[in-house]
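Chain residues, written in single-letter form:
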Amino acid sequence: MPNQRTKAYSYIRFSTPEQAKGDSYRRQRAAAEMYCLQNDFELVKDEDYLFFDRGRSAYKGKHLDDTGQLSRFLKYVQDGTIDPGSILIIESLDRLSREHVRAALPRFLDILGSGIQIYSVSDNRLYQKDWDEKDLILGIFQMSRAHSESSLKGERVGKAWSRKQDDARDTKKPLGRACPYWLKLEKDQHGNDKYVEVAERVETIKKIFALAIAGHGHRAIAKILNAENIPIFGSAKRNVSGAWGSSSTGKILSNRAVLGEYQPTGLNDGVRGPRGEPVLDFYPSVISEDLFLQVQAARTTRNVSKATKSSANFNVWQGLAKCALCGDAMHLVNKGRPPKGGKYLRCYSSAKGRCTNKLVPLAASELVYMEILAKVNSLSLVQDSQARIQKEIASIDIRLDLIKKRQAQISSQLLDVNGDLPAFVLETAMRIDQDLKELKSKKSELKRDAQREKILDKKDFFEKLDLVSFEGRAKANYLLKVLKVKVLIGRENEAVNYIVEAEDVRTLVMRQVADQIDYYPYTAELTELLRSHGDDAAFNKMHAEMVARSLALVEQVQDYSKVETILAKRGRPIRL
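Here the residue numbering is sequential within each chain, running from 1 through the sequence in written order. In view of the model being predicted, local features appear only for residues whose pLDDT reaches at least 70, and side-chain atom pairs are presented and counted only at 80 or more, with totals across whole chains, interfaces and linings using the full set of residues. The basis for every side-chain value is the complete set of non-hydrogen atoms in the structure, without hydrogens or water.

Put simply, DSSP H or I for four residues or longer makes a helix, DSSP E for two residues or longer makes a strand, and each gets a number counted from the N terminus. The secondary structure content of the chain amounts to 18 helices and 18 strands. The buried share of the chain, taken over its 576 residues, is 42%. Any two residues whose heavy atoms approach within 4.5 Å are treated as being in contact. For the chain, contacts bridging at least 24 residues in sequence account for 59% of all contacts bridging at least 6. Areas reported here follow the Shrake-Rupley algorithm with a probe of radius 1.4 Å; residue values treat only the protein chains shown as occluding. Accessible surface for the chain amounts to roughly 33,200 Å². Of this, 51% is attributable to carbon and sulfur atoms. Exposed residues in this analysis have more than 50% of their type's maximum accessible area, buried residues have under 20%, and partly exposed residues fall in between, with area computed by a 1.4 Å probe over protein chains only.

In structure tokens, the structure reads:
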């Protein structure tokens, strides 16, 4: 049998986009082919044996993780797929590893020890299993030089970038072409660099925020953009599918660059994080701060209520309805077409047989939902002035949350300071404390303004209320979440009880039998509002029944000292 030719495998790696655009791949491939031709080796070109790491950093060992091609080569060697005596061709030892010699040398020796030869094109040297001291010294020198160069290069790049960040902070000088996707770098009339808007992309940004305000979640927004064939930002290499995803829209909605802010970042103990305060007015602002904060409030509300997707016809009870028996969430279920079927609210645990609560017809429950809107501060749904007040309150809540987080960060940093505190730290802490007081005062003032107007004409309110469109239903749902309303729902035969709580305080109990709704208010303010709505009869009927039940309970208990405790367990004690 004729002697088999020695097989050679080429490993090619480059770590930067600039190298990808250049001649790096062609050069490394051509060198491998020339070496094999000169020595009568067989360069394996089968696709399964091409080892090519695009954008892999050997300095940090990324090419050796589970997805790296060099890692795949080493596995083939270990399981016998690649025979001992084969040759691994690399441009230079720095392509094999730029890690510190302590980490790189054992790997280099392990490859040789497994019977694989390593050919380095740059120094025209073949490293073999039977290496001598000279080979080892040359190999160590190559690896040490590669690590030192990478370390020095990384340090230089880091310092250069830090200088750019300092210039951006001090003079608002653009960082270069690295900028948000909806902007681009151009020269002004004086030849200076500046960031300008990409019109069609800015329109997409505005559409994304408008959809979020209308009640659509990240995933729903992505579907709408894809359905309308709106191009996604970024290159095809970054997004192979070319389609919008929930992560894409979510990142845009949380990116303060739309406000014109630039947040410098840097490495701290190997972890990338913020470097100093954000630079304001660095980029062109494409979204108003009020709109941005309103969207953050809406997103926070969706997260708290665990709302992950939007239905074609928004469920107004989403995140609000809880089971009165077990406290679990009430979900929307479709039991088929009427008259036997239809949509219902169902306790999540009852579906699993862990709760005895019954199905509640959705259509009937939405009549109660309208009444709840009329009994809380819902004028913003039909009145511009109230809508403005509620938007301002939502914006203030977001600002308060940001300031409290900043306070916590400063407190944590102060613990690490030895000696006297720097003056600017004390000034920052005092300014934040003052901002916190002013925002709280402003919020209290807005709440007083909102309370001055009540829904006195319930019929007029219902006529203006939009619970038909997706946006209208989502808006009503969002408002109740902002007001921290929760509704406990329980069904007893034909009657359905609704216990309304605001900020965990019971305010109203409603009972529905068919289209008849009775009320029991827990505050004098709500009592007056019921009377202004003309709901006196329904209120008096339920009040009389509650009193009768309490009297019956008192007669059953011999120890009258326990009456108050028993009544308290049923809700709020009723004074007789």
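More follows now that the structure is in view.
Glancing now at the sheet that holds strand S13 (residues 343–347). Whether two strands pair comes down to DSSP finding at least two bridges between them. One open sheet holds the 3 strands; their spatial order is S12-S13-S14, and the pairing between them is antiparallel. Across the chains shown, the open sheet's two edge strands, defined by having one partner strand only, are strand S12 (330–334) and strand S14 (360–361). Both S13 and S14 contribute to a ladder of 2 bridges, which runs antiparallel. Bridged to Leu-345 within S14 is Val-360.

Simply put, an axis is a line fit to the C-alpha atoms, just over the touching stretch for a helix, and the angle between two N-to-C directions goes from 0 to 180 degrees. Close contact between helix H8 (residues 218–227) and helix H9 (residues 246–254) brings their axes to 8 Å; oriented N to C, the two are set at 110°. What the angle tells us is that H8 and H9 run roughly perpendicular. Only Ser-246, Thr-249, Gly-250 and Leu-253 of H9 make contact with H8, whose side of the interface consists of His-218, Arg-219, Ile-221, Ala-222 and Leu-225. Following the grouping adopted for this structure description, the nonpolar residues are Ala, Val, Leu, Ile, Met, Phe, Trp, Tyr, Cys and Pro, the charged ones are Asp, Glu, Lys and Arg, and the polar ones are all others, Gly among them. Tallied by class, residues from the contact of H8 with H9 come to 4 nonpolar, 4 polar and 1 charged. Note that the term roughly parallel is reserved for angles under 35 degrees, roughly antiparallel for angles over 145, roughly perpendicular for angles of 65 to 115, and oblique for everything else.

Another point: the side chain of Gln-117. Checked against the element boundaries, Gln-117 lands in strand S5 (residues 117–120). The exposure class of Gln-117 is buried, given its relative accessible area of 13%. Here the side chain of Gln-117 touches Gly-85 through a polar contact of 2.8 Å, landing on its backbone oxygen. There is a polar contact of 2.7 Å between the side chain of Gln-117 and the side chain of Gln-128. Among all residues touching Gln-117, those that are not within four sequence positions of it are Gly-85, Ser-86, Ile-87, Leu-88, Leu-126, Tyr-127 and Gln-128. Under this definition, polar contacts are N or O atom pairs within 3.5 Å; protein pairs additionally need one hydrogen-donor-capable and one acceptor-capable atom, and for neighbouring residues in sequence, both atoms have to be side-chain atoms.

This next bit is on the packing of aromatic side chains. Two measures describe an aromatic ring pair: the distance that separates the ring centres and the angle between the ring planes. Between rings of Phe, Tyr and Trp, where Trp is taken as its six-membered ring, a pair exists when centres lie within 6.5 Å; planes separated by under 30 degrees are stacked, by over 60 edge-to-face, and by other angles tilted. In this structure the tally under the stated criterion is 20 aromatic pairs. Centroid distance Phe-314 to Phe-470: 5.5 Å. Interplanar angle 80°. Geometry classified as edge-to-face. A residue pair is termed long-range when its members are at least 10 positions apart, and Phe-314 in the loop between helix H10 (289–304) and strand S11 (321–323) and Phe-470 in helix H15 (residues 470–482) qualify at 156 residues. Summarising the burial analysis for this pair, Phe-314 and Phe-470 share the class buried. Members of the aromatic cluster, connected to one another through ring pairs, are Tyr-9, Tyr-49, Phe-51, Phe-73 and Tyr-76.

Worth remembering: the numbers are spatial, not functional.
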